[in-house]
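The residues making up each chain are set out below.
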Amino acid sequence: MEELMQKLKEQIIEQLNLEDMEPDDIGVDDPLFGDDGLGLDSIDALELIVLLEKEYGIKIENPKDGQKIFFSIRTMAEFIEEHKK
Amino acid sequence: MMEQLKIKTYCHIKNHQIFVDGRMVFEVPEAGSLKEFLKLTFKHFKPGYAKFYKMDEISKLGFMAAEILLQDKPYSKRQPEDTGVVLSNAHSTLVTDNQFQESIRDDQNFYPSPSVFVYTLPNIMIGEICIRHGFRGEQAFFIFENFSANFMADYINQLFLSHKIKTCIGGWVDQTQESYEAFLYLADGSEEEGQQYKPHTGNEIERLYNLIK
Amino acid sequence: MVYFIADNIVSPLGFSTTENFDSLLRANTGIRIISDGNLYPEPFPASMIETDILEKAFTGIPAEASFTRLEKMLILSIKDTLSKTDIDIRSERTGIVLSTTKGNIDLLDPEKSPEIERDRIHLWKLGRLITDYFGNPNEPVILSNACISGVLAINLAAGLIQQGKYDHVIVTGGDIVSRFVVSGFMSFMSLSPAACKPFDKDRDGLSLGEAASTIILSKHKTEQTNLIFKGGASANDANHISGPSRTGEGSFIAIKKALAEAGIGATSIDHISAHGTATVYNDEMESIAIDRLGMNKVPVSSFKGNFGHTLGAAGLVETAILLTEMKCNLMIKTTGFNELGVSRDINVVSETTNKALNTCLKMASGFGGSNAALIIQKA
């Protein structure tokens, strides 16, 4: 799980063009969206859906499900672990 | 006498050099790519705008040109509805189009990217400039084979005469795989005592555009 | 004064405005399930012209070279429109404006139409092809401003005539349903799995469409029409590059400025042709703008349930229908609409209704936070 979360951080930084950001800058429980967190927006949410499919083979049909899944790195990792079985 | 638009300031970005009102203000001749040059430009001028890195290259180019054009200038303080942005180029968003095409080319590796797709419209760069500066006036993006100063002058003058804008950014922001250029100017109807201004005409815009080769 | 003297629509619902209008009266839609692996890995709904019908219509048209799908659509559209007037397209006093978002974007695929030169992907080249084909001596003006291109092009054309630059302006526009565009909208998850439902409570996304449309504006009146350009404007939301403003800011400002140019108040508007894409956010935003202007009772329609969203053609297709509605004093019911599903109380046309239509408003919005408005009146 730790490894997955670290990998996710790297992938997100890459995929979302979070320039000047290092994996250590992202706390695993930090909210990814909204002003308190990384400040990601609706297009970023759609990119994360692509990331999930491309890197983990998991398809999200309804973008609204994204809100729960993409809350934080940890919730993303948990979702991936659950669906990879 | 009928009020007329005057060109107040202008900016060129070309060959990894940036000029404001004809004077060089920044250059990075050793920068390899446009991407690298834009990153260094951003770090130098420090607009402090996190969303910069999400933009495609041509939007970054237009964004920085507007940023540098408007830095420390009073005209950006007009009412939001009174400032227009009218831009043009020859290649639309071809470089970004090719990038998106790559993400959908192969049926076996088919992952269309929404953050790339959104930038495959040339007017998005206008959107980025408007969001940054709060401009809510007229806006339009035109495609011409070459920069058409006469068209730009006529179109923006018409907007001014029909009271749709009081200030307008006009210009040309273009990019191909091999090259890029940006030329923006700000036209405004106001006058200050004792100042000499350039008239907002096709001839004058053409002359300023050609100042930097 | 600037008159609307002729128009055309080339779409799955017909190759003339009359054919399309009659289709709309019957609540027909061009939207059907498309199963074409070249366009997208899975079937999707869209409004597409049958290729053999397009080819058949194009046979017999003098052609020295090959034309792309979009070029055929545009040429057919311009030809039909011209046939309804006696203006001289070869004159210096006739301008041409082209409205398109992606032009011949399918040419990005090297395997597509290999006989066509790749540089026709450049929109200025597409414009030149049109002017050369028809023998027009002027440089075409190409507007590429997302989904407001069509309305913006009409506003531009009116301005060119008012400035005295031209006596007539042929405003033509088109976009095709392509792999590029379908994939892009799919990645935005903004496409409905079925035919779109504008302003409806069950609306769940837009449907793509392809069309070409042409409208000719002139400083000279004709016997067939007394419809004039009264005002037009555009405005940016300055909010987000893909989502519309939650307060309908740009839309509100554009309509206000168009009304100011027209010298009328919102109460003078008899009927609105909205952008009405049937996405949750667009329709909600438009209802807010309409409400802010106090136009809650004004009958408002969307034609996207019939044509789908035709992008660069949308503003022209929908204005051509609006012009016909005005000539007939008839408002066509909004196909796909059943029950109001926006937060503001607006009056969506749910039954085809007669009404004296003297002054009408066309709205448009697009990516990049762009918005445009156009007011048409009977002279």
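The shown structure was predicted, so the numbers you read here are calculated from the model rather than taken from an experiment. (Residues numbered from 1 in each chain as written. Chains lettered and ligands numbered in written order. Predicted model: local features only at pLDDT ≥ 70, side-chain atom pairs only at ≥ 80, totals over all residues.)

Another aspect to go through is the overall build of chain C. Scanning chain C from N- to C-terminus turns up 10 helices and 16 strands. Scaling as 2.2 N^0.38, a compact globule of 379 residues should have a C-alpha radius of gyration of about 21 Å, and chain C matches this with 19 Å. When contacts within chain C are restricted to residue pairs at least 6 apart in sequence, those whose partners lie at least 24 apart make up 78%. (Helix = DSSP H or I, 4+ residues; strand = E, 2+ residues; numbered from the N terminus. Rg over C-alpha atoms; globule rule 2.2 N^0.38 Å. Contact = placed C-beta atoms within 7 Å.)

Attention now moves to the domain arrangement of chain C. Residue and element names in this part refer to chain C. Once the domains are mapped, chain C shows domain 1 (3–218) and domain 2 (227–378). Inter-centroid distance (C-alpha atoms) of domain 1 to domain 2 is 20 Å. Residue classes in the side of domain 1 that touches domain 2 are distributed as 29 nonpolar, 24 polar and 8 charged. (Domains from an automatic or database assignment. Nonpolar A, V, L, I, M, F, W, Y, C, P; charged D, E, K, R; others polar.)

Moving on, we come to the environment of C:Ile34. Considering the arrangement of structural elements, one finds C:Ile34 in strand β2 (residues 31–34). Once residues within four sequence positions are removed from consideration, C:Ile34 is found in contact with C:Leu39, C:Pro43, C:Phe44, C:Ala46 and C:Met48.

Let us look at the interface of chain C and chain B. Taken residue by residue, the interface counts 41 residues in chain C and 44 residues in chain B. For the side of chain C that touches chain B, the elements supplying multiple residues, two or more each, are α4 (123–134), β5 (141–143), α5 (149–162), α6 (179–187), β9 (227–236) and α7 (249–262) of chain C. Within the side of chain C that touches chain B, the residues separate by chemical class into 19 nonpolar, 17 polar and 5 charged. Relative to β5(C), strand β5 (residues 139–143) of chain B runs antiparallel, the two sharing 2 bridges. Opposite B:Phe142, over in β5(C), you have C:Leu143 as the bridge partner. (Pairing = 2+ DSSP bridges.)

On to the packing of α7(C) against helix α8 (residues 280–292) of chain C. Residues and elements named next belong to chain C. At their nearest, the axes of α7 and α8 sit 8 Å apart, and the two run at 40° to each other. Classified by the angle between their axes, α7 and α8 sit oblique to one another. Where α7 crosses over α8, the two elements pack in a sense that is right-handed. Touching Ser251, Phe252 and Ile255 of α7 are Met285, Glu286, Ala289 and Arg292, all from α8. Residue composition of the contact of α7 with α8, by class: 4 nonpolar, 1 polar and 2 charged. (Axes fitted to C-alpha atoms, helices over the stretch in contact; angles between N-to-C directions. Parallel < 35°, antiparallel > 145°, perpendicular 65-115°, else oblique. Left-handed = near helix turned anticlockwise from the far one by under 90°.)

Turning our eyes to something else, we now look at unusual backbone geometry. All names here are of chain C. Positive phi values are uncommon outside glycine, yet Met189 reaches one of about 50°. Structurally, Met189 can be placed in the loop between α6 and β7 (208–209). In this structure Met189 comes out as partly exposed when scored by C-beta crowding, with 17 C-beta atoms within 10 Å. Positive phi, close to 55°, is recorded for Ala238, a residue that is not glycine. Tracing the backbone shows Ala238 in the loop between β9 and α7. On the basis of neighbour counts, which here come to 23 C-beta atoms within 10 Å, the residue Ala238 falls in the buried class. (Buried ≥ 20, exposed ≤ 12 C-beta atoms within 10 Å, placed from the backbone.)

Our next topic: the interface of chain B and chain A. Between chain B and chain A, the residue contacts involve 8 residues of the former and 9 residues of the latter. A breakdown of the residues in the side of chain B that touches chain A according to their chemical character gives 5 nonpolar, 2 polar and 1 charged.

With that out of the way, let us pick up the sheet that holds strand β3 (residues 44–47) of chain C. One open sheet accounts for 3 strands, arranged β2-β3-β7 (chain C); its pairing is mixed. With one partner strand each, in any of the chains shown, β2 and β7 of chain C form the two edges of the open sheet.

Our next topic: the pairing of strand β3 (residues 23–27) of chain B. All names here are of chain B. Here strand β2 (residues 17–20) pairs with β3 via 4 bridges, running antiparallel. Across the sheet, the residue bridging to Gln17 is Glu27, located in β3. Taken together, β2 and the strand that follows it, β3, pair antiparallel across an intervening segment of 2 residues, in which Asp21 is found at a positive phi of about 50°.

On to the pairing of strand β15 (residues 359–366) of chain C, then. Residues and elements named next belong to chain C. The element β15 is largely enclosed, with a buried count of 7 among its 8 residues. Inspection of the sheet shows strand β10 (residues 271–273) paired to β15 by 3 bridges, in the parallel sense. Following the sheet pairing, Ile272 is matched in β15 by Leu361. Bridging between β15 and strand β16 (residues 370–378) involves 8 bridges; their strand directions are antiparallel. Residue pairing across strands places Ala364 opposite Ala372, the latter belonging to β16. Hairpin remark: β15 followed by β16, antiparallel, with 3 residues in the connecting loop; positive phi at Gly368, about 90°.

On to helix α10 (residues 314–328) of chain C, then. Every α-helix carries 3.6 residues per turn, so stepping three or four residues along brings you back to the same face. The terminal C-alpha atoms of α10(C), which comprises 15 residues, lie 21 Å apart, in line with the 21 Å expected from a rise of 1.5 Å per residue. Within two residues after α10(C), C:Asn329 carries a phi angle of roughly 50°, on the positive side. (Expected span 1.5 Å × (residues − 1).)

By size, the foremost hydrophobic cluster in this structure holds 210 residues, and its most contacted members are B:Ala65, C:Ala157 and C:Leu217. Each residue touching C:Ala157, except ones within four places of it in the same chain, is listed here: C:Val97, C:Val169, C:Val171 and C:Leu217. (Core = buried A, V, L, I, M, F, W, Y, C linked by C-beta atoms within 7 Å.)

Once that is clear, we can look at helix α1 (residues 2–15) of chain A. All names here are of chain A. The end-to-end C-alpha distance of α1 is 20 Å, a good match for the 20 Å that 14 residues give at a rise of 1.5 Å each. Within α1, burial applies to Leu8, Lys9 and Ile12. Looking down the long axis of α1, one finds its buried residues gathered within 100° of arc, a one-sided arrangement. Facing away from the buried side of α1 by more than 90 degrees, the exposed set consists of Glu3, Glu10 and Glu14. Structurally, α1 contributes buried residues whose contacts are with α4 (73–84). Positive backbone phi, at 55°, marks Asn17, one or two positions downstream of α1. (Arc of directions from axis to C-beta.)

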